[in-house]
Amino acid sequence: MTRWAGSNSFDLYRMYPFITFRRREEIHGEHIVKTADLTNQRTLKTEIGCTGVALHSGRKTSLTLKPAEENTGIRICRTDLFNGAREIIVNWQTVVDTRLATTVGNDHGATVGTIEHLIAALAGCEIDNILIEVDGPEIPIMDGSAAPFVFLIECAGVLEQNSARRGIKILKTITVGNGQRSLSISPSEEFSLDFEIGFDTSAIDCQERFFARTGENFKSDIARARTFGFEREVNAMRDAGLALGGSLQNAVVIGDEKILNEEGLRYGDEFVRHKILDCIGDLYLAGGPVIGAVRASRSGHALNNELLQAIFADDTAWKDVKVASNGKAINI
Ligand SMILES: [Zn+2]
């Protein structure tokens, strides 16, 4: 074995990068050797912020995204609350509500809702560690999509850290839901998502779309898809004191079989693309990228979280892996 690490090894590494990568792992044990195959955790280069309207309260809300140490994951700090009660760890275990949006909370009762579009942007930009500061109980809705958050992340820049990126590789098929709505994940070399929706209105009807990550296609194909709702539901929510910040500036609204937004849709199938966006955000609460093939039929926030609970309830359904730059698991 030692001859691989000797002075002749350089050319061998170049000629047989895969073989030498494994050899170097054997020689150095758990020490991570940086190669083109491995990818490291990422955070922001610098902090960046914005203000926007909270969807339900209608309040103006400030949001700041800050770099965070490696292996600290995604955390939210409610800057309007006192120290000790204001930090919320963001993962599938801290989800406290999935009606209308995904809401996370801590043991002190502090919550932050409508996190999924921001989390989807973090997933799409492959950000592992970040501190999100917000001065209220909701992430601002912005334009109803993940695109403004992707823009913020790009403006701040991305910093590669020293630890290897970790992911969750699916080892067996897990399914949740019932006949009407279902969500399943099966073993696969990489993450993919096949989503179908069906609505009883000609404005949406049935839409199906397949998404697998290739380069920047999250940004181009998914990030700009906006949330949507029906005019009658929006009116009912307003009567209940919800969706007070909702407007045609931050949602596609459907009334009487047609879209009320004058500018029309951003994509012909914007609705299913937004459901993919939501699902990507919700599944990123696994604690890293999930490596498996997802099939979704009329799934939503509740089912997305239920799937993560079902995966982690079964130790034989998943394993913690290091992630390669192509999104696949590295088998060491
Ligand atoms: Zn959404």
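Computed from a prediction, not measured in an experiment: that's the story for all the values here. (Residues numbered from 1 in each chain as written. Predicted model: local features only at pLDDT ≥ 70, side-chain atom pairs only at ≥ 80, totals over all residues.)

This part takes up helix α6 (residues 231–239). In terms of burial, α6 is largely open, as just zero of its nine residues are buried. Positive backbone phi, at 80°, marks G241, one or two positions downstream of α6. (Buried ≥ 20, exposed ≤ 12 C-beta atoms within 10 Å, placed from the backbone. Helix = DSSP H or I, 4+ residues; strand = E, 2+ residues; numbered from the N terminus.)

The next thing to look at is the pairing of strand β20 (residues 293–297). Of the two faces of β20, the one lined by V294 and A296 is fully buried and the one lined by A293, R295 and S297 carries no buried residue. As paired elements, strand β13 (residues 182–186) and β20 share five bridges and run antiparallel to each other. Its bridge partner being in β20, S184 is matched across the sheet by R295. (Pairing = 2+ DSSP bridges.)

Time to look at the nonpolar core. One finds A121, L122, I130, I153, I276, I280 and L285 to be the most contacted residues of the largest nonpolar core, which totals 77 residues. Ranked by size, the runner-up nonpolar core spans five residues in total, among them A54, L55, I141 and A243. (Core = buried A, V, L, I, M, F, W, Y, C linked by C-beta atoms within 7 Å.)

A few words now on the environment of I276. Tracing the chain through its elements places I276 in helix α7 (residues 270–283). According to the C-beta neighbour criterion, I276 is buried, with 25 such atoms within 10 Å. Among all residues touching I276, those that are not within four sequence positions of it are L193, F195, R209, F211 and I222. (Contact = placed C-beta atoms within 7 Å.)

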